[in-house]
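Report on the structure
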There are 4 protein chains.
Amino acid sequence: MSSIFGQNLKISVFGESHGPAIGVVLDGLPSGILLDFEKISHEMGRRKPNTGAYSTKRKEADEVEILSGVYQGRTTGTPLCAMIRNEDAHSMDYSELERLMRPGHADFTGHVRYKGFNDIRGGGHFSARLTAPIVFAGAVAKHILDQQDIVIGSHIDTIYDIKDVSFNKAEITPQQLNSLREMDIPVIDASCRTAYLETIEEARKRGDSVGGIVETAIVGLPVGLGSPLFNNLEARLSSMLFSIPAVKGVEFGEGFSITTLFGSEANDSFYTHNERVLTRTNHNGGINGGIANGMPIVMRVALKPTPSISTEQETVDIKALENATLKIRGRHDACIVPRAVPVIEAACAIALCDMLIGQFGLDTFCEGDQE
Amino acid sequence: MSSIFGQNLKISVFGESHGPAIGVVLDGLPSGILLDFEKISHEMGRRKPNTGAYSTKRKEADEVEILSGVYQGRTTGTPLCAMIRNEDAHSMDYSELERLMRPGHADFTGHVRYKGFNDIRGGGHFSARLTAPIVFAGAVAKHILDQQDIVIGSHIDTIYDIKDVSFNKAEITPQQLNSLREMDIPVIDASCRTAYLETIEEARKRGDSVGGIVETAIVGLPVGLGSPLFNNLEARLSSMLFSIPAVKGVEFGEGFSITTLFGSEANDSFYTHNERVLTRTNHNGGINGGIANGMPIVMRVALKPTPSISTEQETVDIKALENATLKIRGRHDACIVPRAVPVIEAACAIALCDMLIGQFGLDTFCEGDQE
Amino acid sequence: MSSIFGQNLKISVFGESHGPAIGVVLDGLPSGILLDFEKISHEMGRRKPNTGAYSTKRKEADEVEILSGVYQGRTTGTPLCAMIRNEDAHSMDYSELERLMRPGHADFTGHVRYKGFNDIRGGGHFSARLTAPIVFAGAVAKHILDQQDIVIGSHIDTIYDIKDVSFNKAEITPQQLNSLREMDIPVIDASCRTAYLETIEEARKRGDSVGGIVETAIVGLPVGLGSPLFNNLEARLSSMLFSIPAVKGVEFGEGFSITTLFGSEANDSFYTHNERVLTRTNHNGGINGGIANGMPIVMRVALKPTPSISTEQETVDIKALENATLKIRGRHDACIVPRAVPVIEAACAIALCDMLIGQFGLDTFCEGDQE
Amino acid sequence: MSSIFGQNLKISVFGESHGPAIGVVLDGLPSGILLDFEKISHEMGRRKPNTGAYSTKRKEADEVEILSGVYQGRTTGTPLCAMIRNEDAHSMDYSELERLMRPGHADFTGHVRYKGFNDIRGGGHFSARLTAPIVFAGAVAKHILDQQDIVIGSHIDTIYDIKDVSFNKAEITPQQLNSLREMDIPVIDASCRTAYLETIEEARKRGDSVGGIVETAIVGLPVGLGSPLFNNLEARLSSMLFSIPAVKGVEFGEGFSITTLFGSEANDSFYTHNERVLTRTNHNGGINGGIANGMPIVMRVALKPTPSISTEQETVDIKALENATLKIRGRHDACIVPRAVPVIEAACAIALCDMLIGQFGLDTFCEGDQE
């Protein structure tokens, strides 16, 4: 019931799309982490609207100002606050949006939840713009994971009716994930890139939008990370993933398709290799009983088509409490899936850092010795 | 990272499959709730292994003893502890299971997580038997929801390759959900019952197992329940659902299929009816921006085939760290989906009570006025 | 283990004394609260170093910029971030302070806790300057309490060996507390003001410092606020109060002196008056079993003399690990007790709002109806 | 607002004085801890009412049954539930106590808090009997601390007007603390024992009661344990200590008396000794800025005279809402201070284990390697 996530590494996200600023406080970071601002910029850049056909025309400088928690380039261990000013917000007339609830958006539910006092401009605190501070926090978390040789990467599995090939779940490498992180439209089958862009462009032309599926993998997690029952690895990751706007489904390993297998097929047989315990298949996505088993964690996340479309829609006038029609003006993405990829990875990185620090202690992650 | 869930109504689950007892503490209950032990028994009975073909032969009395928190039949408001003795545990030889890790189970991850000190008999704290106290807690939570005219119900959407018809998401009634709660194999299309049982029986005969999908709906939730970002309605529900053993996927509304719709199709248009705001379709499953919009909440949960199968499997001997084969003896379900239905509903009920109490205050739910 | 406090209304404090900015995120505020910036300024002003003899010479503009969570003058209900730039920080040479640990300060413990990576300039995140965002958050919380006719006020009970008269615990009025809030040196016996200032001035002249005791009262709390055992009213208040730098003792009602009474004296007899239940004495400070009984809450808080003194002190050089002497230069208060008064009240207000929202629900405190 | 305490090691306490059982769940324990039941019995015995003059005549078997979380004598790492049956509860007539609120007790506040549904027999969940499971949990926590050479010990500083000598704060040894733990009436000046018992006996004869002060010390804590601001060492300890019934004051180091010192006196000078940093005095009680500095932690806790006295008292009849008189019958302690000593130590041990696990990770405390 709040915009704070985490038990050991906590993040507190604040801001509205058209208010003075958005940002995040990271509380519980290890000290001595040398921040790599190039890496952070790269991650922020992946989320940023760009000149591609599929993306909003809003220019976001997304220049992060660090207000606290960093001294001489390293984390102090005390709360790190990062702020991004909202600069390119149009001072348009919002009186219509105060009355006409955009279908598929949180306008109506936000209105009721906050008794009409929420800032509706650009979606306020519900805006996808709030994923920018999450990506920042995720970039810091990814850096901590990198130090432990834990790598997160993703490809766009599906856009509307076009599908990339899937990860070979038992054989994902850090190299593969890192190279996906460098692509603007990360795909395994390179031919999908064009097909995805064409599908998005077609939707855009019609004033419509499309969604898709992101498949994300994590390699290098220590065996034993997690717990039975509540707050297990799947529970924590899904909790973060469903916090991302537009996510409507999350599955691990074979996910929903595992129901088409018999137990004898779904079970991943163990074997030993170089004194390590591995599984031959990875239908369970690297997780048994809510705990990492050392195989790649694989998950798929479904993102709905962005509800901001320019065709006329039926809705209600919340002040008059009567039916009405709405035509949404202004810039918006025809598909947010490519921009969602770094957000999904950031969400995973934050949840993992939180769990790792909780289980192994803060000192394990302090870079003090490397000074 | 713990067996405690909740922020306002907290549940603390304890016990191992073959230890002295399992149980749950409910902390933060409203006072004055008149417990309906018949209802509780009914819910416990739904989860209980029975004489049906699909279920384990273990007889569980599952007789709940309430140790605290109830006085003169009503909740006191102080912690309610319910305990279930483990009575029918075989005192078999577990030395093999200490060495041979059952594929698909948490034996290996539990071994690493707890450095070999966990109680491996029957899966210990990872055992599906731990869902019994969750169902108890859920029965109490359901009772509180009932008082607010909030009803949860489910049908078995899929077993292996057999599929029931789906909920008509925009038109689910409390009556429909209540009647599903009375069926041993809850289905919408009655003919599925036999087909499901046959599919399970076939798997059982082959010493194999099958999984399936449960579709659950909630009607009557107050508009505005939830929050943006973290700990929103989808995040909280999924966090609880992924805490249930065997769950590998969770989706809301159209879920993964929503990616096959255009934005113009996926958006649920608003309209007014009797001074209320409704949506014509319900592809978003009653949730916009993480907050209930007043339409039925609809979710689907994928359960993998139970990993306990009697055919021989490849695995490792964890003590010798070498490859081995394993043949699991003893009783086990060929399909846990029917027994998972009340667990899924309990998980939802607990998460919802926690959120409702947090947002609307404890006093709203105290039945003090009825004294 | 973090700079986040609260369960329902959460505050996340960030910043270092000499970093770019300090601030606070308030998460979980009711929506629709009309902020009274004059009141907020008044509270900030009470904490601000001033021209008085007892106070540091550092000029703090303490101009709060609200970055989020306020729209058209009212809280949106989404996170409110308030930021204060650090402007008057001297860019002096801190190399000595990196080595020489100031006695009585957190220099040494902070050095170990953060492996030498903490920002030591001006005490960093340990600086009393961090109480400014707490006072801001407290001003917002006080405003919410005001709406419920809950009033907090304090007087300086003791400075070194000078003592004010105590509250008459059973007969404290909102008027008395409000008038104390208007005084720069709040006292019941007006003659104490001069005596206090003289005592402080004497210490200052000698390059030394003095501490004192603040007695704080709260009237108007609803009977029944709190819980048995953990997180009760005394536990929550003390937890916040011990978070204030320099606090070394907290007591409720008669506190330590209650041990000089017999049970027959310490028990506060109940009686009825105008259909309400009151107590004739108030030795228990308005709290029985961790729950408010409707009488004024009375507590006393001991503040040690500020450790920043200008006389030479023995200490260690942490880099060389050898004994050394230190003479602290620069501005500092000879007594922080007067400036601590609004901080103590803010701490109480925040803890109470958190508890009230948790017990009575967010909607009780939303000012939506007044729109 | 709950009977659950802790962030990493969580304890969930349940039960009412006259219900079926009381108990505690410890969630988040390290695995592999070999429980020493003799030590646990010793701690439970210290809290138990005995044949001494000062104590209630209720015979408590306090036989702990461990329901989960222990396998082959060692902690499994999964939740440990310990239950104590209530056996010697008189089935007396409680109708008077339902109406007449005992002064100084939680009868009235509990009645309002729980809308009259709480179990009032023997104080229900507010009963000091609930400290038995806390002492059990504390015994487990103490064992974990012992493995790290962290020792907690206490003496009774004051009973009514009799005072023991104080700890020499800078020179407390593990030996001194361990030997205090063996005494029934732990004192530094042996002559106090008789004086204390006489004072208590005098009060008892008059049907009255007396309170006192316990001084507790902790040696061996790692330097750097704690955090600035919220949830610091003093905040966490005080939060637990104020959860103990009858506690009305908590102070660290010189506590309230530190206000009688000048800064130049209150500051504890650092010096080096054998490559360690120590302080010459210990007025700050081993804590600077909320973090352990390596010196003994010293705190004092004020306990009010037990409100259960046999002399007639004024009170109200809560049902009739009119004034009344009350004469409490039955057994009760004339002084609970001696029995509170192990409870205070348990509270400290639990809070410290929680903080240590949070900061240093669960694995640090697992005894896996010692198998």
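These numbers were taken from a predicted model, which means no experiment stands behind them. (Residues numbered from 1 in each chain as written. Chains lettered and ligands numbered in written order. Predicted model: local features only at pLDDT ≥ 70, side-chain atom pairs only at ≥ 80, totals over all residues.)

**Quick look at helix α6 (residues 192-205) of chain B**
Note the threshold: Numbered from the N terminus, helices here are DSSP runs of H or I no shorter than four residues, and strands are runs of E no shorter than two. Expected span of a helix: the number of residues minus one, times 1.5 Å. Contact criterion: two residues are in contact if their C-beta atoms, reconstructed from the backbone, are within 7 Å.
Helix length check: α6 of chain B, at 14 residues, gives a terminal C-alpha distance of 20 Å against a target of 20 Å (1.5 Å per residue), a fit within 8%. Buried residues along α6 of chain B sit against β8 (151-159) and β9 (162-163) of chain B.

**With respect to the interface of chain C and chain D**
What counts here: Pairing between two strands is assigned when DSSP locates at least 2 bridges connecting them.
Taken together, the contact pairs 93 residues of chain C with 92 residues of chain D. In this sheet, strand β11 (residues 247-252) of chain D lies alongside strand β11 (residues 247-252) of chain C in antiparallel orientation, the contact comprising three bridges. Among the inter-strand pairings, valine 250 of chain C is bridged to a residue of β11 of chain D, identified as valine 250 of chain D.

**Concerning the relation of the copies chain D and chain A**
Copies of the same chain, two in number, are related to each other by a rotation about an axis and a translation along it. Note the cut-off: C-alpha atoms of residues with pLDDT of at least 70 in both copies form the basis for the least-squares superposition of the copies.
Between chain D and chain A, the superposition needs a rotation of 180 degrees and an axial shift of 0.0 Å, giving an RMSD of 0.0 Å. As the rotation angle and translation indicate, the two copies are arranged about a two-fold axis. No C-alpha of chain D approaches the rotation axis more nearly than that of glycine 361 of chain D, which lies at 1.8 Å.

**What about the sheet that holds strand β4 (residues 64-66) of chain D?**
Within a beta sheet, neighbouring strands are joined by backbone hydrogen bonds and run either parallel or antiparallel to one another. Taken in spatial order, the five strands line up as β1-β2-β3-β7-β4 (chain D) in an open sheet, and their pairing is antiparallel. Each having just a single partner strand, β1 (4-5) and β4 of chain D make up the two edges of the open sheet.

**Comments concerning the interface of chain D and chain A**
Note the cut-off: Following the grouping adopted for this structure description, the nonpolar residues are Ala, Val, Leu, Ile, Met, Phe, Trp, Tyr, Cys and Pro, the charged ones are Asp, Glu, Lys and Arg, and the polar ones are all others, Gly among them.
The interface is formed by eleven residues belonging to chain D together with eleven residues belonging to chain A. For the side of chain D that touches chain A, the per-class residue count stands at three nonpolar, seven polar and one charged.

**A look at the confidence of the model for chain A**
So the rule is basically this: The quantity known as pLDDT measures the predictor's confidence residue by residue, on a range of 0 to 100.
The predicted model of chain A averages 93 in pLDDT, with 94% of residues at 70 or higher. Of the two predicted TM-score estimates for the complex, the pTM is 0.96 and the ipTM is 0.96.

**Description of the packing of helix α1 (residues 37-47) of chain A against helix α4 (residues 131-147) of chain A**
All names here are of chain A. Worth spelling out the cut-off: Between N-to-C directions, angles span 0 to 180 degrees; the directions come from axes that are lines fitted to C-alpha atoms, helices contributing only their stretch in contact. Each crossing is labelled by how the near helix is turned from the far one, with a counterclockwise turn of less than a right angle marking it left-handed and a clockwise turn marking it right-handed.
Here α1 crosses α4 at 145 degrees, and the two axes come no closer than 9 Å. Crossing of α1 against α4: the hand is right-handed. Residues Lys39, Ile40, Glu43, Met44 and Arg47 of α1 touch α4, and the partners they reach there are Thr131, Ala132, Val135, Phe136, Gly138, Ala139 and His143. Of the residues that constitute the contact of α1 with α4, the class distribution is six nonpolar, three polar and three charged.

**Quick notes on α1 of chain A**
Selection criterion: The burial label depends on the number of other C-beta atoms within 10 Å of a residue's C-beta. Counts of 20 or more mean buried, 12 or fewer mean exposed, and intermediate counts mean partly exposed, with C-beta atoms placed from the backbone. Note: the arc covers the axis-to-C-beta directions of the helix.
Within the span of α1 of chain A, buried status applies to Ile40, Glu43, Met44, Arg46 and Arg47 of chain A. Projected onto a plane normal to the axis of α1 of chain A, the buried residues spread over an arc of 155 degrees and lie on a single side.

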